[in-house]
Amino acid sequence: MESIRLGPEAPFLQIITGDRIRVELQQAPRRYYSHGWQSWSLAAWVDARRPLTVQQPYFLHPMQIDPLWAFHPRLHGSWLGATEQQDGHVVLLGSLGLDAHVELDGTALAGWYEAGSGAWLVAQGEETAVFEAYARELEKRLGKGAQTLNGGVWCSWYSLYTDIDEQLLNTIFAGLGDLPFEVLQVDDGWQQSIGDWEPNQKFPSGMEAMASRIKATGRRAGLWLAPLIAVQSSQLFRSHPEWFLRDRGDKLVSAGFNWGEQLYALDTTQPAVQDWLAALMRRVRDWGYDYLKVDFLYGGALPGVRHEPMPREAALRQGLQVLRQAMGVDAFFLGCGAPILPSLGICDALRVGPDVWSEWGSDRDERLLHNPAVPGGRTAVRTTVNRLWLKPLVIPDPDVVYFRSIECALTPEQKRLLQGLALICGFRSTSDPPQWLAPDEQEQLREFLTRTPKVQRVAPRRFLLDGTELDYASPTEVSQHSGLWNSIESAAFGWFANHEWALKIDGWMRRRAAARRMRRLRERL
Ligand code: 9PG
């Protein structure tokens, strides 16, 4: 165990190697920076005096946070942690290798590697400066993304969800006219099943024809895939159950629950799995897609017994390298649902927050389930702003922004915060079909896609965009609810939410509401 005692707030920077490290602080900190494992996990500054309540439902843990450390009793995070001291200066402890964790233990930051040992950065100083120093050291060891993106991305998810079909997409793409979108990306809904990456009956002309039509407009064709997981009912799972990750008791490891089904994760250390993954990437490239949104990547790093024993994030990184090599260096690789550090140097862009939604936030999810990973404008903004320090290493994807006022409950100010954040990130994307936009909203979209504003960071969470202020101080806060009544309500609601049937009912209700909404919206296309 390496131990170091920090002096008064003079700037300090040191790299230390060890399996465990302890950084003794001068006094008790005010706030702690808790950094979640993957894209959708919370990253935020929280009150250093109390641990965060464990988010619910529990059986979604594999899909939303690092399931291995979900019930850790102290404030903690993946790879790094930081404290804000009483006078405002920040102390950061961050691993420079994978499979590492940091916690706040009284008046010390403690770090450990899950397996073996590695390097750590200890930095003290002003917040932006210490995070910049960490990013610089990470780049030396993990590298950074190579591809750039000039225009915007149109993504089908946040308007049509899985209700896409060939004809609908053709209508929308035709309506985009000369809007400067560089990429038209087909999201979830084209495939036969999660695991069976062939077009379903809603795409009778096939995926190659779809890519050709996109490319004929002078744009890049984008496609969504989740290659490291599969649903129980897929052909892939039924024909190759031996390819999937199991625990020491030979039980299949849960990769969460979505699409109304149990998810399982591929063991990416098996040669046959690697061959299958490489062939899949080559197939979608052959179809004509060179912008790939590769989702649910956490599946490659879940705890389990692997064919080739190695730390779980090392296994994921190896899997990501297989994907990258097969898709080629010229493809744009957007990682999503991805553990952050293992993706650096391989992905060009990375989703750095949970999904947005056409609403700002949900009381039920925030206050009763303590779940900061659920879709919402506010949850997406919070974690994305708190991960802007990753920008030198990878293009941060803050998720799509909204211009539409139909079927959207976001206020003009909330839309402005989302749009501003996209410009700060340098990743501009929307799902609004132009047919749903009023003339002034279409103009706002065009301006958003063509603008290259001057961005000034005047405080860690406050920016000037061409002189206009964007203040993210309030949306990035975490309310740690307390009180007896809230605990009772939360316990009762949590009890329901932790049953698979509750999620099935919730899913069924959501799908019904979505179907009704789709009927209304289709009339506008
Ligand atoms: C398609 C979607 C979109 C979206 C992705 C991802 O924590 N969760 O339960 C959870 C489920 C799905 C999800 C995000 C979080 O959405 O982020 O952009 O591509 O898949 O199914």
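Residues numbered from 1 in each chain as written. Predicted model: local features only at pLDDT ≥ 70, side-chain atom pairs only at ≥ 80, totals over all residues. Heavy atoms only, no water.

K.L.:
Looking at this structure, I do not really get the pattern of salt bridges. What am I missing?
P.N.:
A side chain with one charge can pair with a side chain of the opposite charge if their charged atoms come near. Counted under the stated rule, the structure contains 33 salt bridges. Between Arg 283 and Glu 198 there is a salt bridge whose closest N-O contact spans 3.0 Å. In this pair, Arg 283 is assigned in helix H7 (residues 271-287) and Glu 198 in strand S15 (residues 196-199), connecting sequence segments 85 residues apart. Owing to a relative accessible area of 26%, Arg 283 belongs among the partly exposed residues under this scheme. Here the salt bridges do not stand alone but share partners, grouping Arg 22, Glu 24, Arg 74, Glu 103 and Asp 105 into one network. (Salt bridge = Lys/Arg side-chain N within 4 Å of Asp/Glu carboxyl O. Helix = DSSP H or I, 4+ residues; strand = E, 2+ residues; numbered from the N terminus. Buried < 20%, exposed > 50% of the residue type's maximum accessible area, 1.4 Å probe, protein only.)

K.L.:
Got a minute to help me understand the sheet that holds strand S3 (residues 20-24) in this structure?
P.N.:
Paired through backbone hydrogen bonds, the strands of a sheet run either parallel or antiparallel to each other. With respect to topology, five strands assemble into an open sheet ordered S1-S3-S10-S9-S6, the strand pairing being mixed. Single-partner strands in this sheet number two, and they are strand S1 (2-5) and strand S6 (76-78). Adjacent strand axes in the sheet meet at a mean angle of 15° when their direction is disregarded. Two strands pair when backbone bridges link them, and S3 and strand S10 (residues 108-113) are joined in this way by five bridges, in the antiparallel orientation. Paired with Glu 24 across the two strands is Ala 108, which belongs to S10. (Pairing = 2+ DSSP bridges. Axes fitted to C-alpha atoms, helices over the stretch in contact; angles between N-to-C directions.)

K.L.:
Just checking my understanding: could you explain unusual backbone geometry for this structure?
P.N.:
As a rule of thumb, non-glycine residues mostly have phi less than zero, and peptide bonds are mostly trans rather than cis. Between Gln 56 and the following residue, Pro 57, the backbone shows a cis peptide bond with an omega angle of -10°. In this structure, Phe 296 takes a positive phi of about 55° despite not being glycine. By the secondary structure assignment, Phe 296 is in the loop between strand S20 (291-294) and helix H8 (312-327). For Phe 296, a relative accessible area of 5% translates into the label buried. Its identity is not glycine, yet Asp 399 carries a phi of approximately 80°, on the positive side.

K.L.:
Can you walk me through the environment of Asp 47 in this structure?
P.N.:
Examined against the element boundaries, Asp 47 turns out to sit in strand S5 (residues 43-47). Residue classification places Asp 47 among the buried residues on the basis of a relative accessible area of 19%. For Asp 47 and Ala 272, which are 225 residues apart along the polypeptide, the C-alpha to C-alpha distance reads 47 Å. Ignoring anything within four residues of it in the chain, the contact list for Asp 47 reads Arg 30, Leu 75 and Gln 480. Polar contacts involving the side chain of Asp 47 include one to the main-chain amide nitrogen of Arg 49, which spans 2.9 Å. (Contact = heavy atoms within 4.5 Å. Polar contact = N/O pair within 3.5 Å; in protein donor to acceptor, adjacent residues only side chain to side chain.)

K.L.:
How should the domain arrangement of the chain be read in this particular structure?
P.N.:
Frequently, the measure chosen for interface size is the accessible area that the parts lose on association. Along its sequence, the chain is carved into domain 1 (2-142), domain 2 (152-226 + 271-297 + 308-471) and domain 3 (490-522). The C-alpha-based centres of domain 1 and domain 2 are spaced at 28 Å. Tallying the contact residues gives 40 residues for domain 1 and 36 residues for domain 2. Each partner contributes to the roughly 3,200 Å² buried at the junction of domain 1 and domain 2, and carbon and sulfur atoms together form 59% of this total. Together, Ser 39, Trp 40 and Leu 142 form the three largest contributors to the area buried by domain 1 at its contact with domain 2, with a combined 23%. One salt bridge connects Arg 461 with Glu 127, and the closest N-O pair in it is separated by 2.9 Å. Counting every contact that joins domain 1 to domain 2 gives 26 residue pairs in polar contact (both at pLDDT 80 or more). Listed by contribution, the elements that provide at least two residues to the side of domain 1 that touches domain 2 are strand S4 (31-35), S5, helix H1 (61-64) and helix H2 (127-142). In terms of residues, the side of domain 1 that touches domain 2 owes the most to one element, H2, which gives eight residues. Grouping the constituent residues of the side of domain 1 that touches domain 2 by class yields 21 nonpolar, 13 polar and six charged. (Domains from an automatic or database assignment. Buried area = accessible area lost by both parts, 1.4 Å probe. Nonpolar A, V, L, I, M, F, W, Y, C, P; charged D, E, K, R; others polar.)

K.L.:
Please clarify how the packing of aromatic side chains should be interpreted in this entry.
P.N.:
The geometry of an aromatic ring pair comes down to the distance between the two centres and the angle between the two planes. Within this structure, the stated rule accounts for 28 aromatic pairs. Taken together, a centroid distance of 6.0 Å and an interplanar angle of 90° make the contact between Phe 59 and Phe 257 edge-to-face. Of this pair, Phe 59 sits in the loop between S5 and H1 while Phe 257 sits in strand S18 (residues 254-258), and the two are 198 residues apart along the sequence. In this structure an aromatic cluster arises from ring pairing among Trp 40, Trp 190, Trp 197, Trp 224, Trp 259, Trp 287, Phe 296 and Tyr 298. (Phe/Tyr/Trp six-rings, centres within 6.5 Å; stacked < 30°, edge-to-face > 60°.)

K.L.:
When you look at the site of the ligand in this model, what are you seeing that I'm missing?
P.N.:
Around the ligand, the structure places 16 residues, and the nearest of them are Met 63, Tyr 158, Asp 187, Asp 188 and Asp 355. Contacts to the ligand include Asp 187, whose side-chain N or O atom sits 2.7 Å from an oxygen atom. At a separation of 3.2 Å, an oxygen atom of the ligand approaches a polar side-chain atom of Trp 224. For the ligand, whose unbound accessible area comes to 460 Å², protein coverage reaches 92%. Elements that contribute at least two residues to the shell around the ligand include exactly H1 and helix H3 (157-160). Counted by class, the shell around the ligand contains eight nonpolar, two polar and six charged residues. (Near = heavy atom within 4 Å. Areas by Shrake-Rupley, 256 points an atom, 1.4 Å probe, with all protein chains shown as cover.)

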